[in-house]
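Residue strings, one per chain:
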Amino acid sequence: MPADPAAFDPDSPRFAIAVMPDTQYLFDEDRSDPAPVAETFRYLGEQRGLANVAFMTHLGDVTEHGTADEIELAGETFAALDGVVPYSVLGGNHDVSSDDQRGDTPYLQTFGPQRFSGSETFGGASPDGYNSYHIFRAAGRDWLVLAIDWRISDGGLAWAQGVLDEHSKLPAILTTHDLAFAGDDGQAALSSHGRRLWDRLIRSNDQIFMALGGHYWPPGRTVLTNDAGNDVHVHITNYQDRYYGGAGMIRLYQFDLVRNTIDVETFAPWFLTREADERPLLGAEVIELTDDVDRFSLALDTEQRFAGFAPVKLPPQRPPRRVTRPDTVAYWRFDAAGLGRAPRDGAPVADGLVARDLTRNGNDLVVRRLHSSGDDVLTHSSEHHRNAPAHASLRFDGGKNPDRGAVLEAVADAPVNSEKFLDGYTIEVFLKLPEPFVGDHAWMGVLSWQGRAGDAGKTAGYSQDESVCSLNLSGERFLQFVLYPHVQNASPTSWSHALPTGRWFHVAVVNDGERGVVWVEGSPIARNPAQPAHGIATLGKPFTIGATGSDDGSGQRFGQGFYGWIGDVRISDAALDPSEFLTAH
């Protein structure tokens, strides 16, 4: 809960937009009852900080007849939002008639531009006053809402295009009254007016990623493809046919830009906020709607979807001197700085190629293929974690049946091969698993120190034949960090969650001289052993990237190699804080 529950956080990656459709049966001559709408507005004010409600938009048909009395009552009810939750309103066919050149109306007098002049989000209105736009800030960026009259004129369309042109880098949600209709299967199709909006405005403006309308029931949704080849979500939201004229029901679009998802739910606060014994029977049946047109989730990768009009500027590369510290033992990267020549994307990495230790401590790595593997088991790649210092990586195509792969091994006299790290250490690596993840790659190694645990005097643990230290991936794609400490006869092992495929991760193993914690994307994992772990039982054998081997006493042997991408690797002889990781700028 935020320090001030009423405070909206414009920088949080999680925020909500509330959508209220046709309320006409609640503002209907002497049959009016504004209580459900008033309760919804009270609820939104309460949730402004708790649910991080950024904005509310009404989809038209505020009233049944558009009379002065009905409009006045609606205006008084909407006043509960003024200065509390920013909102937009547009005219529906029950509020007004003909197109937006109709002239003065009670609706315009109450819900025209003058009403919103003091709103922090109000951007302006068309000359006739019936079309408007708002800009609200959420998730650290500005968002545009177009509130379009139910019958926008050609002049209105030109005005709307001008707004989009003026704010061409803002993601936009178009709201109107008559957009689409649906059958009982919930599959939406554009109405004739919706088709006009699509052809004249939506399809050619990539920034419009969502279009919302009311007017028709039942609700429905569809996804259309615009001229840029991107998805536009088209939704119908209308519950006036439900008990109590919809009871001021709202649809909450909950944006979660960490998960790249919009979670949508539909409910009636007027019933939800009552005690169970105070709800009418029919009200209890529509507290919330849970079918797949009223409760669902949408995928929205904003970086990808908005790239055509608002591309994200990735952090620039950082030179080695920016990321080598006094406590850096070794640092390797796979661009020109680390390899001595500019790599070509997709080209094989030759055996014998040296990846230089950019600390100049003498921990150079040398490429070697395993099991007479072909050129394609190790190639250069321009892919990288967005916060990696180097914008390059190595693509490993190791696997089993038959075993294949490639490794980068530290030269024989590299200090890192014998370093004990008794005062602590941090091992960092960027990695990515392929999508699709094809084949059996259980227990593949990411990196390791060669050397038999038994030869270090270690009898505890899974096997005396395994490496003294390794980072591996289980069959379930759990990271496994296996350590044989220099001091203890033990094998404290950390286990992560299952790593998703197709995504870059920064992994850090941090030991403070007492015990170790594994971090993934700056987040500590759950299963870190509490037992003491002092140092690493290195034996002077090569530090290795790309595989973990074993030694039954006859020498180090590797099976499969790593499958995926590996980027920058850094080893420090201190326990770094997450603010000091390679991902920090």
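Keep in mind the model is a prediction, meaning the values are calculated, not measured.

## Points about the overall build of the chain
Part 1: Secondary structure assignment for the chain yields eleven helices and 34 strands.
Part 2: Taken along its principal axes, the extent of the C-alpha atoms in the chain is 95 × 55 × 45 Å.
Part 3: Across the 585 residues of the chain, 57% fall into the buried class.
Part 4: Contacts spanning at least 24 positions in sequence make up 69% of the contacts within the chain whose residues lie at least 6 apart.
Part 5: Carbon and sulfur atoms make up 48% of the accessible area of the chain, which amounts to about 22900 Å² in all.
Part 6: Separation of charge centres in the chain, based on 49 positive and 80 negative side chains, amounts to 10 Å.

## What to know about the sheet that holds strand E10 (residues 208–213)
Part 1: Read from one edge to the other, the open sheet built from seven strands follows the order E4-E5-E6-E7-E10-E12-E11, with strand pairing classed as mixed. Because the sheet does not close on itself, it has two edges, and the strands there are strand E4 (122–125) and strand E11 (220–225). Taking each pair of neighbouring strands and ignoring which way they run, the sheet shows an average axis angle of 20°.
Part 2: As defined by bridge partners, strand E7 (residues 172–175) adjoins E10 across four bridges and the pair is classed as parallel. In the strand pairing of E10, alanine 172 is matched with isoleucine 208.

## A look at the nonpolar core
Part 1: Grouped together as the largest cluster of nonpolar side chains are 52 residues, with contacts concentrated most on Leu408, Trp449, Phe543 and Ile545.
Part 2: If sequence neighbours within four positions are ignored, phenylalanine 543 has contacts with Trp332, Leu365, Leu408, Glu409, Ala410, Val416, Asn417, Leu447, Ser448, Trp449, Val569 and Ile571.
Part 3: Core analysis: the second largest hydrophobic core is formed by 29 residues, Leu26, Phe27, Met56 and Val62 among them.

## Some remarks on helix H6 (residues 192–202)
Part 1: Residues of H6 that are buried include every one of His193, Gly194, Leu197, Trp198, Leu201 and Ile202, and no others. An end-on view of H6 places all buried positions within 145° of arc, on one side of the element.
Part 2: The elements touched by buried residues of H6 are helix H5 (154–166), E7, strand E9 (188–190), E10, E11 and strand E12 (231–236).

## Structural notes on the sheet that holds strand E24 (residues 444–452)
Part 1: Spatial ordering of the open sheet is given by E18-E19-E22-E31-E24-E25-E26-E27, a layout of eight strands whose pairing is antiparallel. Each edge of the open sheet is held by one strand with a lone partner, namely strand E18 (354–355) and strand E27 (493–498).
Part 2: Across three bridges, E24 lies against strand E31 (residues 543–545) in antiparallel orientation. Considered in E31, the bridge of leucine 447 is made with isoleucine 545.

## Topic: the side chain of asparagine 226
Part 1: With respect to the helices and strands, the residue asparagine 226 is situated in the loop between E11 and E12.
Part 2: Residue classification places asparagine 226 among the buried residues on the basis of a relative accessible area of 4%.
Part 3: A distance of 2.8 Å separates the side chain of asparagine 226 from the side chain of aspartate 206, its partner in a polar contact.
Part 4: Separated by 2.9 Å, the side chain of asparagine 226 and the backbone nitrogen of asparagine 230 make a polar contact.
Part 5: Residues in contact with asparagine 226, not counting those within four places in the same chain, are Trp198, Arg203, Asp206, Val232 and Arg305.

## Comments concerning the pairing of strand E26 (residues 478–483)
Part 1: In terms of residue burial, E26 counts as a mostly covered element, since five of its six residues are buried.
Part 2: Relative to E26, strand E25 (residues 467–473) runs antiparallel, the two sharing five bridges. Residue pairing in the sheet places cysteine 469 in a bridge with leucine 483 of E26.
Part 3: The hairpin turn running from E25 into E26, its antiparallel successor, is four residues long, and arginine 477 in that turn takes a positive phi close to 70°.
Part 4: Relative to E27, E26 runs antiparallel, the two being bridged by four bridges.

Rules of the game
Residues numbered from 1 in each chain as written. Predicted model: local features only at pLDDT ≥ 70, side-chain atom pairs only at ≥ 80, totals over all residues. Heavy atoms only, no water. Helix = DSSP H or I, 4+ residues; strand = E, 2+ residues; numbered from the N terminus. Buried < 20%, exposed > 50% of the residue type's maximum accessible area, 1.4 Å probe, protein only. Contact = heavy atoms within 4.5 Å. Areas by Shrake-Rupley, 256 points an atom, 1.4 Å probe, with all protein chains shown as cover. Lys, Arg positive; Asp, Glu negative; His and termini not counted. Charge placed at Lys NZ, Arg CZ, Asp CG, Glu CD. Pairing = 2+ DSSP bridges. Axes fitted to C-alpha atoms, helices over the stretch in contact; angles between N-to-C directions. Core = buried A, V, L, I, M, F, W, Y, C linked by side-chain atoms within 4.5 Å. Arc of directions from axis to C-beta. Polar contact = N/O pair within 3.5 Å; in protein donor to acceptor, adjacent residues only side chain to side chain.

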